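Fold and contact review
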Amino acid sequence: LDHPFLTPEGWTKVKDLQISQFLANKLEPDCWATTIRKDEEFELAGYFIGDGCATKTKCSIQANITSNDEVQGQRIIEIAKNLGFDCSIFTKKGTEAKTYALKSGIRKWLYDVGIAEKNSFTKVVPDWVFSGTKHQIGLFLGAYLSCDGHVTKNVDRKGNPRATRNIEFYSV
């Protein structure tokens, strides 16, 4: 509730926003990339924030991403391989969704990037994501959106008519 949004009146915390209040939007934001992270790290972080689990067990970190999209599943496997992680695949009972369990170095990476020991209630976008190039930030958002949101034309997520395209995110 303390995340700031830019309004015509200046920066306002989300808890202080009013219904129908305008938010400022810069169509071409300045972006100075200062990251040393690879493109795949941005994408993998998007998957973890969207549909991943990086919670601590008694002696390790459970590093899973759930997806029922075959294309996204193949991308998760490819990214894991490119970053040097192993990936095992399990089908969730009673559903078509698959769980992609990452290991072999993923625990260190999760701690390094600030995602370790986070669940759906405690996950946030890591600060380093904002230091990427526009392309890298786009990779993060694309992976996140593929997990935890949708884009519709002329309807909201409940099917109600809208006059414009709509993008909705369900977490973070």
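Rules and cut-offs
- Residues numbered from 1 in each chain as written.
- Predicted model: local features only at pLDDT ≥ 70, side-chain atom pairs only at ≥ 80, totals over all residues.
- Heavy atoms only, no water.
- Helix = DSSP H or I, 4+ residues; strand = E, 2+ residues; numbered from the N terminus.
- Buried < 20%, exposed > 50% of the residue type's maximum accessible area, 1.4 Å probe, protein only.
- Areas by Shrake-Rupley, 256 points an atom, 1.4 Å probe, with all protein chains shown as cover.
- Phe/Tyr/Trp six-rings, centres within 6.5 Å; stacked < 30°, edge-to-face > 60°.
- Pairing = 2+ DSSP bridges.
- Axes fitted to C-alpha atoms, helices over the stretch in contact; angles between N-to-C directions.
- Contact = heavy atoms within 4.5 Å.
- Core = buried A, V, L, I, M, F, W, Y, C linked by side-chain atoms within 4.5 Å.
- Parallel < 35°, antiparallel > 145°, perpendicular 65-115°, else oblique.
- Nonpolar A, V, L, I, M, F, W, Y, C, P; charged D, E, K, R; others polar.
- pLDDT = per-residue confidence, 0-100.
- Polar contact = N/O pair within 3.5 Å; in protein donor to acceptor, adjacent residues only side chain to side chain.

Focus on the overall build of the chain
Helix and strand counts for the chain come out as four helices and eight strands. Order of helices (α) and strands (β) in the chain, N terminus to C terminus: β-β-α-β-β-α-β-β-α-α-β-β. In the chain, buried positions account for 31% of the 172 residues. For the chain, the exposed area adds up to about 11,400 Å²; of that, 54% sits on carbon and sulfur atoms.

Some points on the packing of aromatic side chains
Applying the stated rule across the entire model yields four aromatic pairs. Both rings, one in phenylalanine 48 and one in tryptophan 109, keep their centres 6.4 Å apart while their planes meet at 45°; by these two values the pair is tilted. Of this pair, phenylalanine 48 sits in helix α1 (residues 39–51) while tryptophan 109 sits in helix α3 (residues 106–113), and the two are 61 residues apart along the sequence. By the burial criterion, phenylalanine 48 is buried, and tryptophan 109 matches it.

Quick look at the sheet that holds strand β3 (residues 52–56)
Within the open sheet, the four strands sit side by side as β3-β4-β6-β5. Their pairing is antiparallel. Each edge of the sheet is formed by a strand with only one pairing partner; in this case those strands are β3 and β5 (86–91). Averaged over all neighbouring strand pairs, the angle between strand axes comes to 25°, with direction disregarded. The sheet contact formed by β5 and strand β6 (residues 98–103) spans six bridges and is antiparallel. By the bridge assignment for β6, cysteine 87 is matched with leucine 102. Across the face of the sheet, α1 comes into contact with β3, β4 (61–67) and β6 while running at roughly 85° to β4. The strands that helix α2 (residues 70–82) touches are β4, β5 and β6; relative to β6, the one it contacts most, it runs at about 5°.

Observations concerning the nonpolar core
Of all hydrophobic cores here, the largest spans 29 residues; its most connected members are Leu44, Phe48, Leu102, Ile106, Trp109, Leu110 and Ile115. Secondary structure elements with two or more residues in this core: α1, β4, α2, β6, α3 and α4 (134–148). The biggest single contributor to this core is α1, with six residues.

A look at the packing of α1 against α3
Between two packed helices, the angle of one axis relative to the other and the distance separating the axes together describe the packing. At their nearest, the axes of α1 and α3 sit 12 Å apart, and the two run at 90° to each other. Taken together, the axis directions place α1 and α3 in an arrangement best described as roughly perpendicular. Judged by residue contacts, Glu41, Leu44, Ala45 and Phe48 of α1 engage Ile106, Trp109, Leu110 and Val113 from α3. Looking at side-chain class alone, the contact of α1 with α3 contains seven nonpolar, no polar and one charged residues.

Some words on the confidence of the model for the chain
This prediction gives the chain a mean pLDDT of 83; 81% of its residues lie at or above 70. Mean pLDDT values for the elements of the chain range from 53 in strand β8 (residues 161–169) up to 95 in α2.

Some details on the side chain of glutamine 72
Mapped onto the fold, glutamine 72 is located in helix α2. For glutamine 72, a relative accessible area of 18% corresponds to the buried category. A polar contact of 2.3 Å, which involves the side chain of glutamine 72, links it to the side chain of tyrosine 47. Non-local contacts of glutamine 72, meaning those with residues more than four positions away in its chain, are made with Tyr47, Ser67 and Ser146.

Thoughts on the pairing of strand β2 (residues 10–13)
Residues in a regular strand point their side chains to alternate faces of the sheet. Relative to β2, strand β1 (residues 4–7) is paired through four bridges, and the arrangement is antiparallel. In the sheet register, leucine 6 faces β2, and the bridge partner there is tryptophan 11.

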